Every structure is written in structure tokens, then in C-alpha cells.
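# Analysis of the macromolecular model
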Amino acid sequence: MAYFPLTMSFVEESAKAFGLGIPEVLKLRLACEEVFAYLSESDHNGNTITVEAENGVYYTGIRFLFDARNFDPHAFNLTAKISLDSEADLKQMGLIIASRSVERFYMLHDAREGLGIGLLKEKSYPEAGKQATVAVKPLANYNIVVPDSETLKLFAFHTILHYPSHLFPVDFMCPGKIVDMVASGHYHVLIASDGKGEVAGGIVWRKTSAKMIEIFGPYLFNQPPEYCMAEGLVDHFLMAVAKTDAVCLIDIFATPELPKGYFELLGSLDCFLPDDNKYQWPFYYRHHKEDLGVQVWAHPDLLPFLEAEYRRLVFARNIIPTSYAGEERPDHSVISPRFNRPQHLVSMHAIWDGTDFPDILDRHVQIFKAEGILNILFEIDLARPWQANLSPALMEQNFVPKMILPYAGMGDIVVFQHTGGIKTHV
Amino acid sequence: MFDVPLNNLVPAYIKGFEPYIPSKPDQELMKLYGCDHLYRLNNNENPLGPPAASQDIIRRFWPPKSGLYPSGDSYYMRKRLAEKYSLDPDQFLFGNGANEVIAFVIKAFCQEGDNIITADKTFAVYEWVATFSGFEARLVPLKDFGFDDNGMLEGIDARTKILFVCNPNNPTGTYWNAAKLRRFLDVIGGRQIVVIDEAYCEFVENPDFPDGIKLLEEYPNLVVFRTFSKMYGLAGLRIGYLVGNMEVVDVIRRTCVVYSVNTVAQDAALAAVDDNNHVQATRDLIRLEKAYLREELELLRLQVQSGEGCFIMIKLPVSDTLAYRKFMSQGVMIRSMTGFRFPNWIRVSIGKHEAMEAFVAALKHTLSSD
């Protein structure tokens, strides 16, 4: 703890230098205080804790790298509760506070870098109002270009004006944030413009894993189909990413303008609405390269689904069965939820394996149901055998495998959807 | 065990570089895609294989010769080609396929801050080698599927060292005729090195197609690439060469890796070089099967880009990578073209009739199952 003041000073000054406002700096500092104190108190062997600060332009990231054999991460669960009577629980309280004080946290468990906890605190940005604006005219002649920051804000503004909120990233609500996110490399944008300030459409993408690019759009503002702007945007986007290391592309927020001939339909999810209606939520996909085939791990319970889907999608896969065989597992698992409020949806994935997984999963589902979240998903990565082994626990709790997202994680991801709410909402 | 500090060791231009991952061996692919045969129509290989004399050389190769180094600079090959083209043997440099000689040229002329110019949709190795060597690759869009001479000339600046023209172009099959190539070389006026990659030149029968080697005397800044991989069917043995003005080649030789062309490749190429019957038979087969394929594609009303060379490009109404998987599951391997920046196009090599029929059947099935 001798280094506590120095570490906190480093965190605070880094966050200020990277442009965080004072309220955000204080929240990040609080989170870091708790994590650093927890790690310092947990380690009695004098191991090194490395603290790194990252300027993400729209966020400041602080990463703690450490070496701890008995690190217990269960406090990072949304469902974590503590008893004020338990000393061990009180020790975890700091981590609960830390995880709630930042926008995102992640855990690192890597052979090269060891164990790590990352905390990301975002800058705050003003939301765009939906003030009236002049309608965009049809543009027969347009160029597809990378926008400057002012044009980018205009594009974000038109997008939120022309499309329902579930068809664009929530970040678009703050155009200034989009400018910073593009500067940081989080998003890439191409727009269709006449070069005189008129923005007629655009397409957005970002890398979501080492191998996958996620596309949003294409977005068109009052443009007739005969101008082929959607095709032009998709063509330019594909040429822009053609020689990157991405293996595949996915559009899960496809607008009606998406030219379907460029993509294949991976499948659809049932998306339930608060008014008891539901709609089919299509996932469009495009392989970026020739598929060389890979090996995936799968629990035997999941085999029939995988074999049928891989056959339907014509994917070459060598499926290796795996299951628990009495080996040692940690006590506590950690589940990370990702919310999509406009779609009343939460998507979970496991970031830490543990024997309490069924219990933690059940508690997450109960919390989401109590909050009125209608669409509950769980994703497992078939490149990780321990995740493949979660399939029976998921199925026992009414999660049904619905879709394969090829190469979406380290390997293929299987999306399970919770069916518990279907009777209520159909 | 040490942790290698890769972050500090790796240059930025390598970190951002995408490795090329070749396809798995046929047996592995057949197992993965569940097919019992595979027509390889993805690499523009000669369906007839090597000429008979080369095959004989390969069959009769004396195994103890494997223990000896090959001729380090392909001595007999250079001598033979010099006789054939009435040039000096020292005007030729051999490499482990034409890919290697691309690297020789770039290494010889480019230094930090320099750039090369080529097309955005052509054989990717010029761009790759420049980029992973830390040099800028300026890519000029094709015009009507062909290299844009004016666009390339406009892209030249004080740091431009080499212009690469693929003639005929892989994958579009377009070519610059003799007049256009001369005009281009005249404007360059010897200020930069111009590389004409003639990997597919033996497939072209049109009389206006230029022979780069014949232009060397007039244009000392010209370097011509040729290969034994395509027309001579020796792709598996990796042997290609460049030819140029004596002084230019003398510079390139300084970056040249010797001993990279193995003995069998040299002997097989030497046996192939004068086999005009093989060239004619290959041309006849390509002409016939290309015509058959064009007819079938016309019936399917698909957009086709078919020029010179042993390949055809086809635009599909579906994703080219989905088509690749569907073709593979039917035992036909084609090249998806997104990586060439031609989304939804495929390139199919011209093969024997049986392979072309299999391709057409797979294409029809793919289109009907969409």
C-alpha cells in the first residue's frame, strides 16, 4: 500500500490529461482505489502489480496486471451481493463498487500477460436534439468518401433522425462522441456526399474481434433505390476492408436498404416487444475470405444443433466433443452482460468459469426478468472448451441454441436465447 | 522462458500487415468439406501440367543429386534464354517463382520514403512486398477493368521508384497493346523503373500484344517478369525470372538470393522452354474450354469479364465467399475475389472439359439453392 498515493496520482493525472471531466476522473479514481487496495491486500508475496493507462480518446482505460493464484472474481458479477457480517464479503465490496463506477470492465487471463483487470471510463458528451432540419435531396451524383468531423456529426444527426433507435449504435445519440470514437479507431465511417455539404447516406463499421467486423447500416436519407447508393456504400466498404485481417462481416442492425445479394442470412432471433408483439430479427453475414475450415469444441448435447447448422450454412468444421471429467474448476464464475435497451435485450457471456455457473446464470435471468428485459441471450465461444461445456447448464435453464456466428469470438460463437418469456409474450 | 517484447521489436508496418494464409492441402479440404474429389480451379494452373520432356526429367531425377546444391544462379537456364532471345545471360535473374523476383526489384530500388505504383485490382504481390518492406504502394483504380496509364502517370512523384504493370492483367485479362505500352514508356522517359509482369503472356495470341523482351533495347528502364508456373505447368517447382538491361539487372543482382531455385526446377524448365507443341496444345485447350464456359455463362445471364489468360471472372448475385463454400462442398475450388477488391466476383481457372462441366453444374446448383 506504500504505492497507493503514487498510483492514484498516476490514475488521476492520466485521466485528466486524456480529457476526462472531473466527475468522471473521480469515479475512475474511486474504482482504481478499490481494485488497487483489493489486489494489494490479497497478495502477501510481494508480487508486482503493473498499472497502465490508455488514452482511448473517448475514454480513459486503466489496466492492472498482477500475479495472484487465488484471485476470486465473483464480485464482478452483476448479481454479487455481500453480507455486512462477513469479513470476506466486505473485502469484495470494493470490487463491486469498482465495477459499478465505470462504463466497462474486463478481465484478462492470458498466458503471455497473466491476470489483469481493465477499467474503462468514458467522457460525457451532450446528446443531439431532434430539431427540425432541411430534408436531404436525392443525389444522383455522389462520391463515397471518409468524412471530416463536422460532416460526421451531420451524418450521425441524420441517422438518428431517419432511423429507429434499434437500427444504429446508441453512441450516435451523441455526435461528438462519434467523432472521438472514429478518431480512436473504434468506428470507421464512409459517407455518400455531393462534396458541397450534403450528406445523403453512409455506412459504419468496427472490429469486434480479431476476425470479425460488425457493420451498421447502410443508412440512406431520402435516396431512391435507382441511385444504387446502398450498393455503392457496401462496395466501397468491402474494398476498404478487403485486405485487412478480418475473416468475416456481420450486420445485426441491418437497415431495409442492405443489398441482400452481398450477404447471407445466418438466421433470425425472436425479438419480443413490450406491447406483446414480436418480430424476426435477422442477422446478415458475409465471409470475407475463402473459408479454410476450423476446429471447434462442442459438448455432446449441442452436437445435433451444430451439425445441422453447419450443414445448412455450408461451413467446414471439425467438431471435437468435450465435457467435464471431474477436473478441478474454480468456485466462482463471472458473467458479463451487455445491454441493448432500445431492443429490450441483454446478451451475456461468461468471462470466468466456475462451479456456481448454473446458480449465477439463474440469478442473472431473475434480475433481467424483474427489470422487464424481454430478450435474454447467452453467447458461448466454441474455441474455448470450458465455454463449450456450459451448454448443458444453459439448456437446463431454458436457453435454446438459435444461431451460430462464425469467427465472432476466438472461434465460432453460439447464441442461445432464453425461452422463459415466450409464453407470456406471444 | 522469456517473454519476447514483440511490441518493441516489430515495425508498425508489419503490425498492420495481414499475413497470407494459403489454402489447406487437397486431402484436408476434401475431408473438411465432405467431398471425394476436388477440381482445383483457383490458381490458374495449367490443366495439362508440365510438358512431356519436363515430366520425364522429374521422373528420372537422380535422388543423390538432392544432396548437392543447385546451380546458384541457374547458369544453364540463363544461357539458354540468352540464346533464345539474343541477349546476354547476365541480363537474366532467376527466382523461386516470379514472387521472389518482385522482392529483388523492390529491395534493389526502394528506400525509406519511396513508393511504388500499380493498380488496385491486380496481382497482389507487388502491393504486399512493398507494404511489408515499409514502402508505400500507390494503387490506381482500374479503368474498364484495365490498367489506367494516365492515372499511373499522374501518381508519380519524386519518391516513385517502380511502376508495376501486369500484362495481361490477373484477374481481369485486359492488356496494353504495343502502342499503349510504348506511349507509357515514352512518357516515363527512363526516370523510373517500369516492370511488366508477363506471367500469362504465352496465352495471348493477338498480334498487337507486346513482347516486353523485344523492347528492352529501346527502354533500358524496363524490367520484364516471366514464369514457368503458368504456361509451362511448373508451379509446384517454383521457378520464374526477370530480364532487363545489363546495368539495371546488375543492381538487382545485389539483392538476389542465390541457390533459391532447386535443381529439378532448373532441369525441368530447361526441358520445357522449347516445347512449342505444349504451348500450342495448352492454347487450344484454353480457347476451346473458355468458349464453352462463356456460352454457358451467357445462358445464365451472368456478368463476365473474360480477357486473355487461362481464367475468367464472373459476377454472382450472391456473396463470392458463400459461393466458394458451396462450390467446395461440390468438389470445385474457385477463387473468391473479395480479397482482390472485387466483391461478389469469382475467378475460375480454365481446366479440362470434365472440370469445366463440374464447375458449370456447381454454379447452377449454387445459384438455384440461393
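Residues numbered from 1 in each chain as written. Chains lettered and ligands numbered in written order. Predicted model: local features only at pLDDT ≥ 70, side-chain atom pairs only at ≥ 80, totals over all residues. Heavy atoms only, no water.

## With respect to the overall build of chain A
- Broken down by element type, chain A carries 11 helices and 18 strands.
- Here the C-alpha radius of gyration of chain A, 23 Å, is about what a compact globule of 426 residues would show, namely 22 Å.
- Seen along its three principal axes, the alpha-carbon backbone of chain A occupies a region of about 70 × 55 × 45 Å.
- Within chain A, the fraction of its 426 residues that count as buried is 53%.
- Considering only contacts in chain A between residues 6 or more positions apart, those separated by 24 or more positions represent 66%.
- In the structure as shown, chain A presents an accessible area of about 18,600 Å², 53% of it carried by carbon and sulfur atoms. (Helix = DSSP H or I, 4+ residues; strand = E, 2+ residues; numbered from the N terminus. Rg over C-alpha atoms; globule rule 2.2 N^0.38 Å. Buried < 20%, exposed > 50% of the residue type's maximum accessible area, 1.4 Å probe, protein only. Contact = heavy atoms within 4.5 Å. Areas by Shrake-Rupley, 256 points an atom, 1.4 Å probe, with all protein chains shown as cover.)

## Some remarks on the packing of helix α6 (residues 98-109) of chain B against helix α7 (residues 125-132) of chain B
All names here are of chain B.
- Their axes nearest at 10 Å, the elements α6 and α7 cross at an angle of 45 degrees. As the angle between them shows, α6 and α7 are arranged oblique. The chirality of how α6 crosses α7 is right-handed. Together, N99, I102, A103 and I106 of α6 and V125, Y126, V129 and A130 of α7 make up the contact between the two elements.
- In terms of residue class, the contact of α6 with α7 is made up of 7 nonpolar, 1 polar and no charged. (Axes fitted to C-alpha atoms, helices over the stretch in contact; angles between N-to-C directions. Parallel < 35°, antiparallel > 145°, perpendicular 65-115°, else oblique. Left-handed = near helix turned anticlockwise from the far one by under 90°. Nonpolar A, V, L, I, M, F, W, Y, C, P; charged D, E, K, R; others polar.)

## Quick notes on the nonpolar core
- Counting residues in each nonpolar core, the largest one holds 115 residues, and the members touching the most others are I162, F228 and F359 of chain B.
- Looking at this core, the element that brings in the most residues is α6 of chain B, giving 8 residues.
- Excluding residues within four positions of it along the chain, F359 of chain B makes contact with L41, L293, I314, F327, V332, I334, I346 and V348 of chain B.
- Of all hydrophobic cores here, the second largest spans 102 residues; its members include L167, F305, L382 and F416 of chain A. (Core = buried A, V, L, I, M, F, W, Y, C linked by side-chain atoms within 4.5 Å.)

## Description of the environment of S23 of chain B
- Looking at the element boundaries, S23 of chain B is found in the loop between α2 (12-15) and α3 (26-33).
- Relative accessible area serves as the criterion here: at 26%, S23 of chain B is assigned to the partly exposed category.
- Between the C-alpha atoms of S23 of chain B and D73 of chain B, which are 50 residues apart in sequence, the distance is 31 Å.
- Residue contacts for S23 of chain B: discarding those within four places in its chain leaves L292 of chain A together with L29, R40 and M333 of chain B.

## Description of the sheet that holds strand β2 (residues 92-95) of chain B
Residue and element names in this part refer to chain B.
- The mixed open sheet is built from 7 strands, whose spatial order is β2-β8-β7-β6-β5-β3-β4. With one partner strand each, in any of the chains shown, β2 and β4 (136-140) form the two edges of the open sheet. Between one strand axis and the next, the sheet turns by 20 degrees as a mean value, whatever way the strands run.
- Where strand β3 (residues 115-119) lies against strand β5 (residues 160-166), 3 bridges are found, and the strand directions are parallel. Across the sheet, I116 pairs through a bridge with I162, a residue of β5.
- Running at roughly 135 degrees to β2, helix α5 (residues 75-85) makes contact with β2, β7 (222-227) and β8 (240-244) of the sheet. (Pairing = 2+ DSSP bridges.)

## Some thoughts on α5 of chain B
All names here are of chain B.
- Taken together, the buried positions of α5 are occupied by M77, R78, L81 and A82. Down the axis of α5, the buried set is contained in an arc of 135 degrees. They therefore lie on one face. Every exposed residue of α5 that faces more than 90 degrees away from the buried side is listed here: Y76 and E83.
- In this structure, the buried side of α5 is in contact with β2, β8 and α11 (263-272). (Arc of directions from axis to C-beta.)

## A word on helix α8 (residues 357-370) of chain A
Residue and element names in this part refer to chain A.
- The first and last C-alpha atoms of α8 sit 20 Å apart over 14 residues, in line with the 20 Å expected at 1.5 Å per residue.
- The set of residues buried in α8 consists of F357, I360, L361, H364, V365 and F368. Across the axial projection of α8, the buried residues extend over an arc of 135 degrees, all falling on one side.
- Along its buried surface, α8 packs onto β14 (334-340), β15 (345-352), β16 (375-381), α10 (391-396), β17 (399-405) and β18 (413-418).
- Two residues or fewer past α8, G372 is found with a positive phi of approximately 80 degrees. (Expected span 1.5 Å × (residues − 1).)

## Considering the confidence of the model for chain A
- Confidence in the prediction for chain A averages 87 pLDDT; 90% of positions are at 70 or higher.
- In the predicted structure, residues 421-426 of chain A sits below a pLDDT of 50 and forms 11 contacts with residues beyond four places in sequence or in another chain. (pLDDT = per-residue confidence, 0-100.)

## Remarks on the pattern of salt bridges
- Going through the model one piece at a time under the given rule, you end up with 46 salt bridges over all chains.
- Among the salt bridges present, the one from K161 of chain B reaches D114 of chain B, with a minimum N-O distance of 2.6 Å. Pair noted here: K161 of chain B is in strand β5 and D114 of chain B is in the loop between α6 and β3, with a separation of 47 residues, a long-range link.
- In this structure D114 of chain B comes out as buried when scored by relative accessible area, which is 2%.
- E205 of chain B is the salt-bridge partner of R287 of chain B, the closest N and O atoms lying 3.1 Å from each other. On the criterion of sequence distance, the pair formed by R287 of chain B in helix α12 (residues 276-299) and E205 of chain B in the loop between β6 (193-197) and β7 is long-range, its members being 82 residues apart.
- By relative accessible area, R287 of chain B is classed as partly exposed at 42%.
- The partly exposed category is assigned to E205 of chain B, whose relative accessible area is 39%.
- A network of salt bridges, in which partner residues are shared, links E12, E13, K16, R29 and E33 of chain A. (Salt bridge = Lys/Arg side-chain N within 4 Å of Asp/Glu carboxyl O.)

## Considering the interface of chain A and chain B
- Contact residues are listed per partner, giving 26 residues for chain A and 33 residues for chain B.
- Between chain A and chain B, the buried area comes to about 2,500 Å², and carbon and sulfur atoms account for 51% of it.
- On the chain A side of the contact with chain B, K243, E290 and L292 of chain A bury the most area, a combined 32% of that side's loss.
- Seen at the junction of chain A and chain B, the total is 4 salt bridges.
- The closest approach of N and O atoms between E264 of chain A and R325 of chain B, which form a salt bridge, is 2.6 Å.
- Among the residues making up the side of chain A that touches chain B, the classes are represented as 10 nonpolar, 6 polar and 10 charged. (Buried area = accessible area lost by both parts, 1.4 Å probe.)

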